[in-house]
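Given next are the chains, with one letter for each unit.
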Amino acid sequence: MEYLKIIAFTHQQIDLKALGKLVICEQTLEDRLRNIQSDLNIKEIFYVGTCNRVEFVFTSAAQLNEAFIAKFLHVLDMGLPEEYMEQFIANVSTYEQGEAFNHLLRTSCSLESLVVGEKEILAQVRKAYEACQKAGFTGDYMRMIMNRVVKTAKEVYTHTNISRNPVSVVSLAYRKLRELNMCANSRLLIIGAGETNNNIAQYLKKHKYSNFSVFNRTIEKAESLAKELNGKAFPLTELANYKAGFDVIITCTGATQPILTSEIYTSLLNGDTGKKVIVDLAVPNDTALEVRENFPIHYIEVESLKEIARKNIQERYDELVNAEHIIEENIKEFDAVLRQRRVELAMSEVPKKIKEIKEKAVNTVFADEINALDDEAKAVLEQVMNYMEKKYISVPMVMAKEILVKKSS
């Protein structure tokens, strides 16, 4: 791992808005990486760009000092003003050799993510690598690195609880709804068409819920969300006049006063006395206290969900020790795999050399003696030589691997 290097710009040191200036679009990625390879004598490289990080994983004999980072960014040619260049150089994170491999494993296992345990980062790293591999920017070494990265991440996600409990309010709210066994044709009123309601509505749509009515102060936003959900859109002012009935209300607005007052809720019930569900993700709550106290409802509100999220986040952090143990074991294993691969590459010329020796022996050194043999003797000699050739190729490989195993144990 002598030449493995990583240059990283992440949410931990750099403002996300500034970080976005380093994200490379697909159309220019190949040209930029080709320039990096050419001007900085880099053999293999791939680039990872997400909303939280921009990282370059590569092999190079160069030292990762300030001069190298500055040249790297200039060759990358992102058109950055000088003040941004200075900011990025001052806040870059660099990793070399084993530390670089450890960082890549931790990143792919989401130990370095903004939200620990989010599996998306592994898919993002794999996709980034595959794009660069397809374009010819990586070779055998990075292939081995990525195989180990994927193996390690899968073990972490399978054998620890680091990603099992949801930590977003939206996913927790959806899970609570699912626990109530709401049928797919339940009538859902969505009050508010902002990001939170958009996200939870997408969860519901994905799981085959289809009966949506969307209310919003701006009718255009209501219509946009309703179109995605194949539902109906209404201005918020029409909420008090809605008489089509409902089973679930999901509300999240920026209102400073309750939207669901006793009067409006009674109107929405339109004589229905059944127990309903209200998912209130607004701060302050959109549901008036008298509605929560005086009507039969399952009430799911943001503060209780936040408390669950906090507990789940803590549980994920508690799993870091187990995840790091898995990473440590994989680093040890990979060291042996890497040394074995070096032997395989170093000995890749052995079969060719043995064949050359055989050809010289048959056609030059012992040509006269072999030609004097009868056909049966020649056939036996050929069998012996073929057997010897195979053994001379396989035995040294096996012995070399055994030596490596003994050294690593």
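Residues numbered from 1 in each chain as written. Predicted model: local features only at pLDDT ≥ 70, side-chain atom pairs only at ≥ 80, totals over all residues. Heavy atoms only, no water.

Quick look at empty space enclosed by the protein
(1) Moving on: The full count for this structure, using the stated rule, is 1 cavity of 30 Å³ or more.
(2) Moving on: The volume enclosed by the largest cavity comes to roughly 40 Å³.
(3) Moving on: Class assignment for the residues of the lining of the largest cavity results in 1 nonpolar, 5 polar and 2 charged. (1 Å grid on protein atoms, 1.4 Å probe; cavity = no way out; pocket = protein on both sides within 12 Å on 5 of 7 lines; lining within 4 Å. Points joined across faces, edges and corners; volume = space filled by probe spheres on them. Nonpolar A, V, L, I, M, F, W, Y, C, P; charged D, E, K, R; others polar.)

Considering the pairing of strand β7 (residues 232-235)
(1) Moving on: As paired strands, strand β6 (residues 211-216) and β7 are joined by 4 bridges and run parallel to one another. Looking at β7, one finds that Val214 is bridged to Ala233.
(2) Moving on: Note on the crossover from β6 through helix α10 (residues 219-229) to β7: the handedness is right-handed. (Pairing = 2+ DSSP bridges. Helix = DSSP H or I, 4+ residues; strand = E, 2+ residues; numbered from the N terminus. Right-handed = clockwise from strand over helix to strand, strands pointing away.)

Some details on the pattern of salt bridges
(1) Moving on: Counted under the stated rule, the structure contains 17 salt bridges.
(2) Moving on: In this structure, the salt-bridge partner of Asp31 is Arg34, at a minimum N-O distance of 3.6 Å. With a gap of 3 residues between them, Asp31 and Arg34 both fall in helix α2 (residues 26-40), about one helical turn apart.
(3) Moving on: Of the charged contacts, one joins Asp247 and Arg187 as a salt bridge, the two residues approaching to 3.1 Å between their closest N and O atoms. With Asp247 in the loop between β7 and β8 (248-251) and Arg187 in strand β5 (residues 187-191), this pair connects stretches of sequence that are 60 residues apart.
(4) Moving on: What makes Arg187 partly exposed here is its relative accessible area of 27%.
(5) Moving on: Each of Arg148, Lys151, Glu155 and Glu333 takes part in one network of salt bridges that share partners. (Salt bridge = Lys/Arg side-chain N within 4 Å of Asp/Glu carboxyl O. Buried < 20%, exposed > 50% of the residue type's maximum accessible area, 1.4 Å probe, protein only.)

Considering the layout of surface pockets
(1) Moving on: Counted as a void, the largest pocket has a volume near 560 Å³.
(2) Moving on: Lining the largest pocket are 24 residues, and of these Glu118, Val167, Ser168, Ser171 and Tyr203 lie nearest its centre.
(3) Moving on: Of all the elements in the fold, those that place two or more residues in the lining of the largest pocket are α8 (169-179), α9 (195-206) and α13 (302-318).
(4) Moving on: Along the lines of polarity and charge, the residues of the lining of the largest pocket split into 9 nonpolar, 7 polar and 8 charged.

Overview of the packing of aromatic side chains
Aromatic ring pairs are reported here in terms of the distance separating the ring centres and the angle at which the planes meet.
(1) Moving on: Applying the stated criterion across every chain, the model contains 15 aromatic pairs.
(2) Moving on: Through a chain of ring-to-ring contacts, the aromatic side chains of Tyr47, Phe56, Phe58, Phe68 and Phe72 assemble into a single cluster.
(3) Moving on: Lys276 extends its terminal NZ or CZ atom over the ring of Phe246, reaching a point 5.5 Å from the ring centre. (Phe/Tyr/Trp six-rings, centres within 6.5 Å; stacked < 30°, edge-to-face > 60°. Lys NZ or Arg CZ within 6 Å of the ring centre and 35° of its normal.)

Considerations on α9
(1) Moving on: A rise of 1.5 Å per residue sets the reference length of α9, with its 12 residues, at 16 Å; its end C-alpha atoms lie 17 Å apart and thus fit the reference within 8%.
(2) Moving on: When we look at burial in α9, the residues that qualify are Asn197, Ile200, Ala201 and Leu204. Buried residues of α9 fall within an arc of 105° about the axis and therefore sit on the same side. α9 presents Glu195 and Lys206 as exposed residues on the side facing more than 90 degrees away from its buried surface.
(3) Moving on: Close packing links the buried residues of α9 with α8, β5, β6, α10 and β8. (Expected span 1.5 Å × (residues − 1). Arc of directions from axis to C-beta. Contact = heavy atoms within 4.5 Å.)

Some remarks on a nonpolar patch on the surface
(1) Moving on: A contiguous nonpolar surface patch, about 500 Å² in accessible area, is contributed by Val380, Val384, Tyr387, Met388 and Tyr392.
(2) Moving on: Relative to the elements of secondary structure, Tyr387 occurs in helix α17 (residues 375-408). (Patch = residues over 30% accessible without salt bridge, like charges linked within 9 Å, V, L, I, M, F, W, Y side chains within 5 Å. Areas by Shrake-Rupley, 256 points an atom, 1.4 Å probe, with all protein chains shown as cover.)

Some words on the environment of Asp77
(1) Moving on: Take Asp77: it is sitting in the loop between α3 (66-76) and α4 (82-90).
(2) Moving on: Assessed through its relative accessible area of 52%, Asp77 is described here as exposed.
(3) Moving on: Asp77 sits 45 residues away from Arg32 along the chain, and the two C-alpha atoms are 7.5 Å apart.

Here we look at helix α7 (residues 140-159)
(1) Moving on: In this model α7 runs 29 Å from its N-terminal to its C-terminal C-alpha over 20 residues, within 8% of the 28 Å that 1.5 Å per residue would give.
(2) Moving on: Looking only at α7, the buried set comprises Tyr141, Met142, Met144, Ile145, Met146, Arg148, Val149, Val150, Thr152, Ala153, Val156 and Tyr157.

Looking at the side chain of Thr251
(1) Moving on: Positionally, Thr251 belongs in strand β8.
(2) Moving on: Under the relative-accessibility criterion, Thr251 is labelled buried at 0%.
(3) Moving on: Among the polar contacts listed, one links the side chain of Thr251 to the side chain of Asp286, at a separation of 2.7 Å.
(4) Moving on: Excluding anything up to four places from it in sequence, Thr251 contacts Ile191, Asn197, Leu260, Val279, Asp280, Leu281, Ala282, Asp286 and Thr287. (Polar contact = N/O pair within 3.5 Å; in protein donor to acceptor, adjacent residues only side chain to side chain.)

Interpretation in functional terms is not warranted from these geometric data alone.
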